[in-house]
Structures are given as C-alpha cells and as structure tokens.
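Report on the structure
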Amino acid sequence: MNTVLRSARCMGLLALLLLLAACATNQPLSDEDRKKVSAVSISSNVQKAPVMYYLGPDAAPFFAMGAIGGAVIAATSVEPARALQEYAEKNGIFIEKIAFQEIDAAIRQSGKLRVSAPGEATEAIMNVYVYQYGFSIPTGFSSNLVPVMAIKCEMVDTAGKVIWSANDRVLTLRNPAPPMSLQAMRDDPKRIEEAWRRAAKHIAGKIAFAL
C-alpha cells in the first residue's frame, strides 16, 4: 500500500506540474528585443521531465473508481514507464535529442531568426524543456498507444532575462502519430522514435510560428 501511495503522489505531483506548464502563456518577443537579436543559439542541453508518462490499456478498468482507481493507475504505470524509457535509451533513443533536433529544424525553416553556428557569439540563447513525454491510450476502450508530449522554449538575453517563451503540447486526441501497440514498440524500437519525432515536429512547428 505504501508503494501505491508513494507512486500516486509522484504521478499526482507530475500531473500538477504539467498542468501548470500547459496553462503558462506565451511571452512574445518585443520589437525592441527583436532588433537586438540578430541570431539565436539553441541549447542542446535539453531538460526533460524526470519520469516518463505512461497510461496503458491495463489502466482502463480503473478509470471509474475515483481516487482509489487513480492511485492504482499511478502505481501500476510506474514500472511500465520506467521499462519503456530504459528500452528506448538502450536503443539510442533519447527524447532530449529528438526535441532539440526538431526545435532547431523548425526555427531554421521558419526564417524568423538566424540560428547561430556552434561556438558563435549571439545575443540570445534558446533553452528547451520537455515537460512531458511518453505514451498513452487515446481512449479507455483502446488497446493501442499514441505519443504524448509537452515542450516549452525560452529565449534569454546575455543578462539571463527571459525575452520570449512559447509552449505547446500533443494530447491523445487529434494526435499526429498513428496508434500502435506496446508489442509493436518492443518488436521495433524505431517505432518509439518515429512516434516521438512526429509529436516533437508537430509541437516545434507551432512554437516556431509563435516566434
């Protein structure tokens, strides 16, 4: 029981942090700051949520059980999430790398700001945060999974002041990736990367649009 409660508290805290991140408003780049920034350096040091999110088909029967069901879902999701994350990373799939690559590509393609070359001095640095990543069933009746993801980008000037920020997320509904089974991911880890990359690309495009 203690394990269940600890897991539930952990997942509950994570859910609260994700909710706060999702509710955060974007901060536009002012005309004054835009004139000062000729190029931006996108940091490859991407920070991610400490726990991968996972809500699998086994959780569906507990949806209607209120708080008790929520505690059971949280507890039973911890180990599958950890196992899937370790499996992905063992096969060279890192959400930090995917997020960085897709944000970098989207900013470059937008043409709104020049992305500096490695080592080049710039007036601003863009930091990338992956607040949520993982997989979830799209509905309580599904046996397949879709990627879920939330990314926030912040641009800071040379003094460390945030001069622009934007965030977006991919939910289970209207998901850009096709549903697939957990077994399909276990059989081919590239399916994990493909799903996460689709989600990250979708988010990156919206973030770049907000620049």
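Higher on the page you've got the structure.
The paragraphs below set out a description of the structure included in this document. Please read all numbers here as calculations on a predicted model, not as lab measurements. (Residues numbered from 1 in each chain as written. Predicted model: local features only at pLDDT ≥ 70, side-chain atom pairs only at ≥ 80, totals over all residues. Heavy atoms only, no water.)

This brings us to the packing of aromatic side chains. Per the stated rule, a full pass over the model turns up three aromatic pairs. Plain terms: the ring middles of Tyr133 and Trp196 are 5.5 Å apart, the flat faces sit at 75 degrees to each other, and that makes the pair edge-to-face. You can see Tyr133 sitting in strand S5 (residues 124-136) and its partner Trp196 sitting in helix H6 (residues 190-209), a full 63 residues away along the chain. Residue class for Tyr133 comes out buried when judged on its relative accessible area of 1%. The ring centre of Phe209 lies 5.1 Å from the NZ or CZ of Lys112, which sits over that ring. (Phe/Tyr/Trp six-rings, centres within 6.5 Å; stacked < 30°, edge-to-face > 60°. Helix = DSSP H or I, 4+ residues; strand = E, 2+ residues; numbered from the N terminus. Buried < 20%, exposed > 50% of the residue type's maximum accessible area, 1.4 Å probe, protein only. Lys NZ or Arg CZ within 6 Å of the ring centre and 35° of its normal.)

All right, on to H6 then. With 20 residues, H6 should reach 28 Å at 1.5 Å per residue; the first-to-last C-alpha distance of 28 Å fits that figure. Within H6, the full set of buried residues consists of Ile192, Ala195, Trp196, Ala199, Ala200, Ile203, Ala204, Ile207 and Ala208. (Expected span 1.5 Å × (residues − 1).)

Moving on, we get to the pairing of S5. The element S5 is extensively covered by neighbouring structure, given that 10 of its 13 residues are classed as buried. Where strand S1 (residues 39-42) meets S5, three bridges bridge the pair, whose relative direction is parallel. From the neighbouring strand, Ser41 faces S5, where its bridge partner is Ile125. With two bridges connecting them, strand S2 (residues 47-48) and S5 associate as parallel partners. Following the sheet pairing, Gln47 is matched in S5 by Tyr129. Direction of pairing for S5 relative to strand S6 (residues 146-157): antiparallel, over a ladder of 12 bridges. Residue Ile125 lies in a different strand from S6, and its bridge partner there is Val156. (Pairing = 2+ DSSP bridges.)

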